[in-house]
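Structural characterization, general
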Amino acid sequence: MISAVLAAFLGIMLYRYHVQQEEQAAYYRELNEQIAEEERAAVEAAAAEETARLEDAANSSFYEKLDKGYDVNILIVGDSIGATSGASDDAHRWTTLLRSYLTEQYGGTVTITNVSMGGNASYAGYSRVMMLDDGIDYDLAIICYGQNDSTEGFSLYYESIIRAISGKYEKCSIISILESSQRSYTEKMVAIQEICEYYDIPVADTIAPFAEDYASYTGDGTHPNDAGQAIYAEVMEEVIDQGVYDLKDFPDYDLEPMNEGVTVFDNFRYIAADEFERTDDMTYTITGLSIEGVFGIDYSYQSGDNVTEIYVDGELFAAPTRTFDYDFSQRHILIVSDDCTVENEIRIVFSSKELADAFRGLIFSWE
């Protein structure tokens with residue numbers, strides 16, 4: 001009898017325990033489902049917020065992006081001043097100072113790509129922009145030229161940079177620098193001001209602040225020293241801050257060219273050295289080439305005389321010679337001819353193996 005009662009009691013207890021376990025399991029299943037649903041909702045909300053943020057960023061100008069704390073990409077194209085020559089180290093470069101300021105002031109990540117090349121003129125800037133293929137959609141481009149340019153044709157070549165930028169990066173704002181090394185508002189600096197007024201491009205004037213004590217801001221009379229680099233950064237900061245204050249919108253580059261003839265730079269082809277056959281230490285040849293337009297070359301000067309003979313369809317077309325009085329090499333992109341027609345072949349003969357080794361390619365541009 002007692003055994004039967006104990007068995008019944010034990011059965012009841014086991015049943016109650018089972019029921020409790022089932023209830024507890026159901027509770028935790030429901031709780032886990034609730035937690036999972038909340039996590040899914042949070043992930044979906046975060047994804048929706050990120051999508052909205054990306055869409056807003058895509059529809060925001062460079063200045064609006066800064067104002068909202070978004071990340072921005074900046075392109076710098078220029079000569080040695082654009083390349084920050086004269087700074088004692090990376091921390092004192094005007095580009096480093098500018099990036100630090102914008103990051104601290106506005107909160108987003110600032111990425112700078114600098115394709116400036118010392119010793120080069122504006123045609124190189126046009127070419128460098130057209131050659132870019134890094135997958136970056138730039139928000140701002142800073143142009144820094146004038147020191148190495150000739151006055152003749154300067155406005156045309158400078159406008160070609162602006163058209164190259166606007167053609168590749170439709171939403172990219174531009175700021176143009178008036179280089180301190182000019183020391184006054186030369187004909188070239190006036191040309192920049194006129195072009196920038198036409199395209200509604202802000203100008204960063206470094207000539208005026210350097211005029212206060214020019215010698216103290218340069219180490220060699222041309223390139224800004226650390227104090228001069230700081231001035232470049234400050235001038236750029238003021239221009240950008242004003243653009244943010246005004247919430248400056250996307251630029252409108254849909255204008256007729258200012259310089260007649262600049263449309264010859266609308267189309268671009270770069271023929272890299274590896275597309276040529278190197279027939280000996282100093283000679284490159286390419287055949288089956290039919291092309292015409294503005295003709296340029298991309299190579300690095302070596303110390304001493306740099307002689308290059310260029311034959312087009314078997315005839316000597318040009319023999320550009322450059323004397324480089326430095327103990328290092330330097331990359332240069334320059335125009336060979338404003339008008340060249342190739343029916344089949346280009347052959348290039350360099351004056352030394354070192355010069356031939358430094359050949360990068362040829363450039364053609366046309367309307």
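Just above, that's the structure.
Keep in mind it's a predicted model, so treat the numbers as computed, not measured. Sequence order sets the numbering: in each chain, residues are counted from 1 along the sequence as written. Confidence filtering applies because this is a predicted model: local features only for residues at pLDDT of at least 70, side-chain atom pairs given and counted only at 80 or more, and all residues used for totals across whole chains, interfaces and linings. To get the side-chain values, take all heavy atoms of the structure and skip hydrogens and water.

Topic: the pairing of strand β11 (residues 315-318)
Two strands qualify as a pair provided that DSSP identifies no fewer than 2 bridges between them. Helical segments are the DSSP runs of H or I of at least four residues, strand segments are the runs of E of at least two, and each set is numbered from the N terminus. For strand β10 (residues 304-312) and β11, the ladder comprises three bridges, and the chain directions are antiparallel. Bridge pairing in β11 places Tyr 311 opposite Leu 316. Taking the residues that link successive antiparallel strands as the turn, the β10-β11 hairpin has two residues, and the phi of Asp 313 there is positive, at about 50°.

Some thoughts on the environment of Tyr 301
Among the structural elements, Tyr 301 can be located in strand β9 (residues 291-301). The buried label applies to any residue whose accessible area, calculated with a 1.4 Å probe on protein chains only, is under 20% of its type's maximum; exposed applies above 50%, and partly exposed to all values in between. Judged by relative accessible area, which is 7%, Tyr 301 ranks as buried. For this analysis, a polar contact is any N or O atom pair within 3.5 Å, provided that within protein one partner can donate a hydrogen and the other can accept it, and provided that sequence-adjacent residues contribute only side-chain to side-chain pairs. Side chain to side chain, Tyr 301 and Arg 322 meet in a polar contact 3.5 Å long.

Considering the side chain of Ser 127
With respect to the secondary-structure elements, Ser 127 resides in helix α4 (residues 122-131). Residue contacts for Ser 127: discarding those within four places in its chain leaves Phe 268, Ile 333 and Ile 363. In what follows, a contact means two residues having at least one pair of non-hydrogen atoms within 4.5 Å.

Focus on the sheet that holds strand β4 (residues 173-178)
Pairing is parallel across the open sheet formed by five strands, whose spatial order is β2-β1-β3-β4-β5. Where the open sheet ends on each side, the last strands, each with one partner, are β2 (110-114) and β5 (203-205). Sheet twist, expressed as the average angle between the axes of neighbouring strands with direction ignored, equals 20°. Examined bridge by bridge, strand β1 (residues 72-78) and β2 share five bridges and lie parallel to one another. Directly across from Leu 75, in β2, lies its bridge partner Thr 113. Where helix α3 (residues 94-106) meets the sheet, it contacts β1, β2, β3 (140-144) and β4, and its direction lies at approximately 160° from that of β2. A fitted line through C-alpha atoms serves as each axis, taken over the contacting stretch for helices, and the angle formed by two N-to-C directions is quoted from 0 to 180°.

Comments concerning a nonpolar patch on the surface
Candidates for patches are residues over 30% relative accessible area with no salt bridge; among them, like charges are joined within 9 Å and nonpolar side chains (Val, Leu, Ile, Met, Phe, Trp, Tyr) within 5 Å. Residue exposure ignores everything except the shown protein chains as possible cover, and the areas themselves are Shrake-Rupley values with a 1.4 Å probe. When a carboxyl oxygen of Asp or Glu lies within 4 Å of a side-chain nitrogen of Lys or Arg, that pair is called a salt bridge. Together, Tyr 198, Leu 255 and Met 258 make up an exposed nonpolar region whose accessible area comes to about 220 Å². For Met 258, the location among the structural elements is in the loop between α8 (226-245) and β6 (267-272).

Some details on the sheet that holds strand β15 (residues 359-366)
By way of backbone hydrogen bonds, the strands of a sheet pair with one another, either parallel or antiparallel. Taken together, four strands build an open sheet; the order of strands is β6-β15-β9-β13 and the sheet is antiparallel. Only two strands of the sheet have a single neighbouring strand rather than two, namely β6 and β13 (330-342). Looking at each pair of strands side by side, their axes are set apart by 25° on average, direction ignored. Here six bridges tie β9 to β15, and the two strands are oriented antiparallel to one another. Bridge pairing in β15 links Asp 298 to Gly 361. Lying on the sheet, α4 is in contact with β6, β9, β13 and β15; it crosses β13 at an angle near 90°.

Section: α3
Here α3 is 13 residues long and its end C-alpha atoms lie 18 Å apart, about the 18 Å a rise of 1.5 Å per residue gives. Turning to α3, its buried residues are Trp 94, Thr 95, Thr 96, Leu 98, Tyr 101, Leu 102 and Tyr 106. Packed against the buried residues of α3 are α2 (62-68), β1, β2, β3, β4 and α8. Within two residues after α3, Gly 107 carries a phi angle of roughly 95°, on the positive side. Helices are assigned an expected span. That span is 1.5 Å times one less than the residue count.

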